[in-house]
Amino acid sequence: MRSLSIHRYCTPADYSILNVPKPEIKASDDILIEVHAASINPVDVKVASGVAKMVRSETFPYKIGYDVSGVVIAVGPAVSSRFKPGDEVYSCVPERCRGTVSEFALSTAAATALKPKQLSHVQAGSLPLVSLTALQALDAADVELEGGLEGRTVYIPGGLSGVGTVAIQLAKNIFKVDTVITTLSPAKIAKVHEIIGHGIVDQIIDYTKNDPAKVIPKGSVDFMFDTMGGAMGALSVMKPGGMIITIASLPFGPDLRRVMPDLPVVARWAFDAVGSIAQRRASRYKVRYSYLFAHESGKDLERLADWLDQAMVRPVIGRVTCLSNLAGIKDGAQEVFDGKGGIGKFVVEVK
Ligand SMILES: NC(=O)c1ccc[n+]([C@@H]2O[C@H](COP(=O)([O-])OP(=O)(O)OC[C@H]3O[C@@H](n4cnc5c(N)ncnc54)[C@H](OP(=O)(O)O)[C@@H]3O)[C@@H](O)[C@H]2O)c1
């Protein structure tokens, strides 16, 4: 089968479509999916570039992609009646199944949900990793902040990034946050209400001209979802008792141990040391600071599917290309790699 894959660590310019063996059901809860659409996330292009090679080694050919929307064509013996061949599903696949930008992909029943009925495969395939990340961060804040998120002020930078688009919508429409503050570059400010709808974002800061830490009133934010890695520069905006969850700084703490159990002890010690310095800085403002690694979850995708079908969350897709257009894939993946310019997600349709 055709698969977006690499022979060695490289940037998108050197990506190729390789012929690789079609995956087969190996574990009893595996699901084999005929891929209709898959999206490319920063983690795909970063790991493919070798940025993590000191702490995690990969085998080649390295198949790219965690997000998939498609049709079930086979299931393992322990897959319950929840899924059967012919079902339309979406999934963020576990690491051992990575390689969704392909004609076929493996996932597990635990990591899969029925595709939201109102969404196309391209829309559904854009969502799994970013929506799980946004939902799990907001769930954690809702549990850990006394009284939850309802009625609170949250700061979510990068409101039209992949994670940001979902997080700001979930915050307002599902978690009933009172005030959503975000940052955007100037060209995107005029587009945000048209793309996301009115009444989602309450304050937009042009981060290319203004330092959010100087614009957001001091001591006003209950929860910061640090999607861009700048939390330490904006601690003064936090309310005492508030919390910050970062997904874009160096990982540390329990999530690091869960996701990278084989990390060399020295590396884990170094990451944890950097994390605890940040926690100490945050604690001077009486703010909790933690790192979140999103985890695959069919149950969370089921919750999201309901909200997506009710249009309480809209997918935001900036670019679509197809698996036969390698030049288009390289351009889209390069934009993800650069971390600038894109809106929402980059999706590869598999036809
Ligand atoms: N820990 C986890 O489980 C997890 C999960 C998902 C993602 N992540 C990480 O979270 C980060 C965001 O992921 P994503 O998928 O949302 O990325 P993305 O969609 O690729 O984000 C790119 C967008 O961010 C905007 N941006 C860049 N720098 C910014 C800044 N300083 N302030 C505001 N906006 C800025 C850019 O907009 P402009 O063009 O307007 O500058 C760009 O369009 C990445 O580092 C990713 O690796 C972690």
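Rules behind the numbers
- Residues numbered from 1 in each chain as written.
- Predicted model: local features only at pLDDT ≥ 70, side-chain atom pairs only at ≥ 80, totals over all residues.
- Heavy atoms only, no water.
- Pairing = 2+ DSSP bridges.
- Helix = DSSP H or I, 4+ residues; strand = E, 2+ residues; numbered from the N terminus.
- Axes fitted to C-alpha atoms, helices over the stretch in contact; angles between N-to-C directions.
- Contact = heavy atoms within 4.5 Å.
- Buried < 20%, exposed > 50% of the residue type's maximum accessible area, 1.4 Å probe, protein only.
- Salt bridge = Lys/Arg side-chain N within 4 Å of Asp/Glu carboxyl O.
- Parallel < 35°, antiparallel > 145°, perpendicular 65-115°, else oblique.
- Nonpolar A, V, L, I, M, F, W, Y, C, P; charged D, E, K, R; others polar.
- Core = buried A, V, L, I, M, F, W, Y, C linked by side-chain atoms within 4.5 Å.
- Domains from an automatic or database assignment.
- Near = heavy atom within 4 Å.
- Polar contact = N/O pair within 3.5 Å; in protein donor to acceptor, adjacent residues only side chain to side chain.
- Areas by Shrake-Rupley, 256 points an atom, 1.4 Å probe, with all protein chains shown as cover.

The name given to the protein chain in an unreviewed UniProt entry is Enoyl reductase (ER) domain-containing protein, with the source organism recorded as Exophiala bonariae.

On to the sheet that holds strand β9 (residues 153–155), then. The parallel open sheet is built from six strands, whose spatial order is β11-β10-β9-β12-β13-β14. Edge positions in the sheet fall to β11 (203–206) and β14 (288–291), since each of these pairs with one other strand and no more. Each strand axis lies, on average, 15 degrees off the axis of its neighbour in the sheet, ignoring direction. Across the sheet, helix α4 (residues 162–173) lies against β9, β10 (179–184) and β12 (221–226), angled at about 165 degrees from β10, the strand it touches most.

Turning to the pairing of strand β3 (residues 30–40), a few remarks are in order. Of all eleven residues making up β3, nine are buried, and the element is well covered by its neighbours. As judged from the five bridges shared by β3 and strand β7 (residues 104–108), these two strands associate in the antiparallel manner. Across the sheet, E34 pairs through a bridge with F104, a residue of β7. Of the pairings in the sheet, the one linking β3 to strand β5 (residues 67–75) comprises six bridges and is antiparallel in character. In the sheet register, E34 faces β5, and the bridge partner there is V71.

In this section: the pattern of salt bridges. Inspection of the entire model under this criterion finds 20 salt bridges. Between K115 and E88 there is a salt bridge, with its nearest N and O atoms 3.8 Å apart. Pair noted here: K115 is in the loop between β8 (112–114) and α2 (121–125) and E88 is in strand β6 (residues 88–92), with a separation of 27 residues, a long-range link. Given a relative accessible area of 10%, K115 falls into the buried group. Linking E335 and R319 is a salt bridge whose minimum nitrogen-to-oxygen distance equals 3.2 Å. Here E335 is found in helix α11 (residues 326–338), whereas its partner R319 is found in strand β15 (residues 317–322), with 16 residues between them in sequence. Each of R56, E58, E95 and R98 takes part in a single network of salt bridges with overlapping partners.

Okay, the packing of helix α1 (residues 42–49) against α11 next. Following both chains from N to C, one finds α1 and α11 inclined at 90 degrees, their axes separated by 9 Å at the closest point. Comparing the axis directions of α1 and α11 gives the class roughly perpendicular. Of the residues in α11, those in contact with P42, V45 and S49 of α1 are A333, V336 and F337. Partitioned by chemical class, the residues of the contact of α1 with α11 number five nonpolar, one polar and no charged.

One finds Y15, I40, L149, L170, F223 and L304 to be the most contacted residues of the largest nonpolar core, which totals 86 residues. The leading source of residues in this core is helix α3 (residues 128–144), at nine residues. Looking at which domains feed residues into this core, each of domain 1 (2–127 + 315–349) and domain 2 (129–291) gives three or more. Ignoring sequence-local partners within four residues, the contact set of F223 consists of A137, L138, A141, L145, L149, T153, V154, Y155, M238, M243, I244 and I245.

Moving on, we get to the site of the ligand. Close to the ligand lie 23 residues, the nearest being G162, S185, Y207, G341 and G342. For the ligand, a nitrogen atom lies 3.1 Å from a polar atom in the side chain of Y291. K340 places a polar side-chain atom, nitrogen or oxygen, 3.1 Å from a nitrogen atom of the ligand. Protein contact buries 83% of the 930 Å² of open area that the ligand shows by itself.

Glancing now at the packing of α3 against helix α10 (residues 298–309). It is at 10 Å that the axes of α3 and α10 come closest, and there the two elements cross at 100 degrees. If you check the angle between α3 and α10, you find them roughly perpendicular. Residues P128, S131, L132, L135, Q136 and D139 of α3 pack against D300, L301, R303, L304 and W307 of α10. Partitioning the contact of α3 with α10 into residue classes produces six nonpolar, two polar and three charged.

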